[in-house]
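A look at the structure
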Amino acid sequence: MSAASIPAPIDTRHFPLAALLWPDRADGFSGVLRNVILVTLGTTLLTLSAKINLPLPYVPMTLQTLVVLVIGAAYGWRLGVATVMAYLAEGAIGLPVFAGPVGGLAPFMGPTGGYLVGFVAAAFIVGWLSERGWDRSAPLLFLAMGLGHIVILAAGFAWLAFGMKLGPEKAWLVGIAPFVAASVIKNALGAAAIPAIRRMLDRRA
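Thresholds applied
- Residues numbered from 1 in each chain as written.
- Predicted model: local features only at pLDDT ≥ 70, side-chain atom pairs only at ≥ 80, totals over all residues.
- Heavy atoms only, no water.
- Helix = DSSP H or I, 4+ residues; strand = E, 2+ residues; numbered from the N terminus.
- Expected span 1.5 Å × (residues − 1).
- Buried < 20%, exposed > 50% of the residue type's maximum accessible area, 1.4 Å probe, protein only.
- Salt bridge = Lys/Arg side-chain N within 4 Å of Asp/Glu carboxyl O.

Before going further, it helps to spend a moment on helix 3 (residues 64-75). If you check helix 3, its first and last C-alpha atoms are 16 Å apart, about what 12 residues at 1.5 Å a residue would give, namely 16 Å. Burial of helix 3 is extensive: 11 of the 12 residues sit out of reach of the surface. Within helix 3, burial applies to Gln-64, Thr-65, Leu-66, Val-67, Val-68, Leu-69, Ile-71, Gly-72, Ala-73, Ala-74 and Tyr-75. Within two residues after helix 3, Gly-76 carries a phi angle of roughly 85°, on the positive side.

Under the counting rule described, the total for this entry stands at two salt bridges. Where Glu-131 meets Arg-78, a salt bridge forms, and the shortest distance between an N and an O atom there is 3.6 Å. Of the two residues, Glu-131 is situated in the loop between helix 6 (113-130) and helix 7 (138-163) and Arg-78 in helix 4 (residues 77-92); the sequence distance between them amounts to 53 residues. Classification of Glu-131 by relative accessible area gives buried; the value is 19%. Given the relative accessible area of 52%, Arg-78 is considered exposed. Among the salt bridges present, the one from Arg-198 reaches Asp-135, with a minimum N-O distance of 2.8 Å. A residue pair is termed long-range when its members are at least 10 positions apart, and Arg-198 in helix 9 (residues 180-204) and Asp-135 in the loop between helix 6 and helix 7 qualify at 63 residues. Each member of the pair, Arg-198 together with Asp-135, is buried.

Below, the structure is given as structure tokens:
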């Protein structure tokens, strides 16, 4: 068999949704600019999702967890984690990006601190699993996002119970119980949307 007749290897890597919509083909400044734009878009969405909230006694109910998990699934774990960390850094330096009217370090030390830290771990988990093809299947992505929600709620619970010294029972009542049903709904929305978008892109290819 001649070398010309040997078929070229097929690239079987799985790319996150963002890489399909905007392929990262450039090196140098253009590649950096692409990532900066995507991170800025992600932090803007996180800020908007924080402002859409239902005030509760300790922790407001927002759309942030949905956006965190969608960013992880769509960006992959590296860019997803970078985006969430950039968002937290914006808040830490004083920009009013969180659910309350002010930024700074106070939200990290208050009741929401554990959830904010949990965002980073959740973006990593969902992004890592999505890069392995879980974002092609609604049931698998639902499971991945469920794991992400568990991590966020567990971090929030631990901080409320022990960092804020509310105790496990009260931390469960104010930090977990009000958010369980909403988390399932958010999971369903995210797990349905991203595979559907991927299918549309596949049909166009």
